[in-house]
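# Coordinate inspection notes
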Amino acid sequence: MAIRFHNYPAPGLLVGGYMVEEAKRQIPRGVLYEAIAETGWCLPDAVQMLTPCTIGNGWLRVVHHGVYGLVLYDKFTGEGIRVWLDIAKFPKDSEIRTWYLKLRPKIEQDSDRLRHEIGMLGSDILSSGPVKVRKQHLGKRSKGRIVICPGCGEAYPAKDGNVCKICQGNTLYEPMPGMPKGGFLTGSHPEA
């Protein structure tokens, strides 16, 4: 399942599976919950594989705090459980410690030993506790009113300004040979 979804049985995904299951175990039955992943590395995929929370349906938020933690919380009250990878619970000579703290380059790590340790230790290397998500982060998220950008002609959320974010200069792309002039890249809409 990990290979089909993530392309590799990554240690972070495997640990994430234990984290998700620990949080689900502590959420009261019947609660409609959402999730927060506190890193963009591997953990969001574990949440998407093992819960109904996905980035696409808006029930999973990725907040880049750079720590290996996740929260499952009641989408109406904000009350939930935070689970994190607890370094204080790692055996001192473990491959998990080597992997997590990047004590050796990935190529020098013992992947088989690492996966074995994750399987043997499972939730023993996790900690958890109750949290309450702040009110401003609860409720349905919406794009709001949609308008047509006068710069490129594409539809975008009106709350982003007078032109879309790309026409404001927030683009990830550089011009390439053969790319159409105008539109999403330069902010000038080609005549139709």
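Everything numeric here is computed off the predicted structure, so don't read it as measured data. (Residues numbered from 1 in each chain as written. Predicted model: local features only at pLDDT ≥ 70, side-chain atom pairs only at ≥ 80, totals over all residues. Heavy atoms only, no water.)

### A look at the overall build of the protein chain
This is how it is decided: Here a helix means four or more residues in a row that DSSP labels H or I, a strand means two or more in a row labelled E, and each is numbered from the N terminus. Exposed residues in this analysis have more than 50% of their type's maximum accessible area, buried residues have under 20%, and partly exposed residues fall in between, with area computed by a 1.4 Å probe over protein chains only. Here a residue-residue contact requires only that any non-hydrogen atoms of the pair lie within 4.5 Å.
A count of helical and extended segments in the protein chain gives five helices and seven strands. Scanning the protein chain from its N terminus toward the C terminus, one meets helices and strands in the order α-α-β-α-β-β-β-α-α-β-β-β. Going through the 192 residues of the protein chain one by one, you find that 39% of them count as buried. Long-range pairs, those at least 24 residues apart, make up 62% of the contacts in the protein chain with a sequence separation of at least 6.

### Description of the sheet that holds strand β1 (residues 33–37)
To summarise the sheet geometry, strands pair through backbone hydrogen bonds and adopt either a parallel or an antiparallel arrangement. What counts, and what does not: Strands were regarded as paired on the criterion that DSSP finds at least two bridges between them. As a rule, the C-alpha atoms of each element are fitted with a line to give its axis, helices using only the stretch in contact, and angles between N-to-C directions run from 0 to 180 degrees.
Strand order across the open sheet formed by five strands is β2-β1-β3-β4-β5, with mixed pairing between neighbours. Unpaired on one side and paired on the other, β2 (60–62) and β5 (126–132) mark the two borders of the sheet. On average, each strand axis in the sheet is tilted by 20° relative to the strand beside it, whichever way the strands run. Pairing of strand β4 (residues 79–85) with β5 involves seven bridges; the strand directions are antiparallel. In the strand pairing of β5, Val83 is matched with Ser128. The sheet strands contacting helix α3 (residues 43–50) are β1, β2 and β3 (69–74), and the helix crosses β2 at an angle near 175°.

### Things to note about the nonpolar core
Definition in use: Throughout, nonpolar core names a set of buried Ala, Val, Leu, Ile, Met, Phe, Trp, Tyr and Cys residues whose side chains join them through atoms within 4.5 Å.
Membership of the largest hydrophobic core comes to 30 residues, with the highest contact counts inside it found for Val15, Met19, Leu70 and Leu85. Only α2 (11–26), β1, α3, β3, β4, α4 (95–100) and α5 (111–121) provide two or more residues apiece to this core. Among the elements that make up this core, the one with the highest residue count is α2 (five residues). With residues up to four places along the chain from it excluded, the contact list for Met19 reads Leu43, Tyr68, Gly69, Leu70, Val83, Trp84, Leu85 and Leu126.

### A short note on the packing of α2 against α3
Threshold: With respect to orientation, any angle under 35 degrees is reported as roughly parallel, any angle over 145 as roughly antiparallel, any angle of 65 to 115 as roughly perpendicular, and every other angle as oblique. A crossing counts as left-handed when the near helix is turned anticlockwise from the far one by less than a right angle, and as right-handed when that turn is clockwise. Only Asp, Glu, Lys and Arg are considered charged, only Ala, Val, Leu, Ile, Met, Phe, Trp, Tyr, Cys and Pro nonpolar, and every remaining residue, Gly among them, polar.
One way to put it is that α2 packs onto α3 with a least axis distance of 8 Å and a crossing angle of 50°. On the basis of their axis angle, the class for α2 and α3 is oblique. The handedness of the crossing between α2 and α3 is right-handed. Contact residues: Leu13, Gly16, Gly17, Met19, Val20, Glu21 and Lys24 in α2; Leu43, Asp45, Ala46, Val47, Met49 and Leu50 in α3. Partitioning the contact of α2 with α3 into residue classes produces eight nonpolar, two polar and three charged.

### Quick notes on the packing of aromatic side chains
Any pair of aromatic rings gets described here by the distance separating the centres and the angle formed by the planes. The test is simple: Two aromatic rings, drawn from Phe, Tyr or Trp (for Trp, its six-membered ring), form a pair once their centres lie within 6.5 Å of each other, and the interplanar angle then sorts them: stacked below 30 degrees, edge-to-face above 60, tilted otherwise.
In total, this model carries three aromatic pairs according to the counting rule given. A centroid spacing of 5.7 Å and a plane angle of 75° characterise the contact between Phe90 and Tyr100, whose relative ring orientation is edge-to-face. Of this pair, Phe90 sits in the loop between β4 and α4 while Tyr100 sits in helix α4, placing them ten residues apart in sequence. Ring geometry for Trp99 against Tyr100: centres 5.8 Å apart, planes inclined by 45°, an arrangement best described as tilted. Judged by relative accessible area, which is 27%, Tyr100 ranks as partly exposed. Members of the aromatic cluster, connected to one another through ring pairs, are Tyr68, Phe90, Trp99 and Tyr100.

### Observations concerning the pattern of salt bridges
Note the following rule: Note on definitions: salt bridges are taken to be side-chain nitrogens of Lys or Arg within 4 Å of carboxyl oxygens of Asp or Glu.
A full pass over the atoms with the stated rule returns eight salt bridges. The residue Arg25 makes a salt bridge to Glu22 at a minimum N-O spacing of 2.6 Å. With Arg25 and Glu22 both in helix α2 and three residues apart, the pair spans about one turn of that helix. One salt bridge in this structure joins Glu34 and Lys75, with 3.0 Å as the shortest N-O distance. Of the two residues, Glu34 is situated in strand β1 and Lys75 in the loop between β3 and β4; the sequence distance between them amounts to 41 residues. Both residues of the pair, Glu34 and Lys75, count as buried. Among the ionic contacts, a cluster of salt bridges with common partners joins Glu95, Arg104, Arg113 and Glu117.

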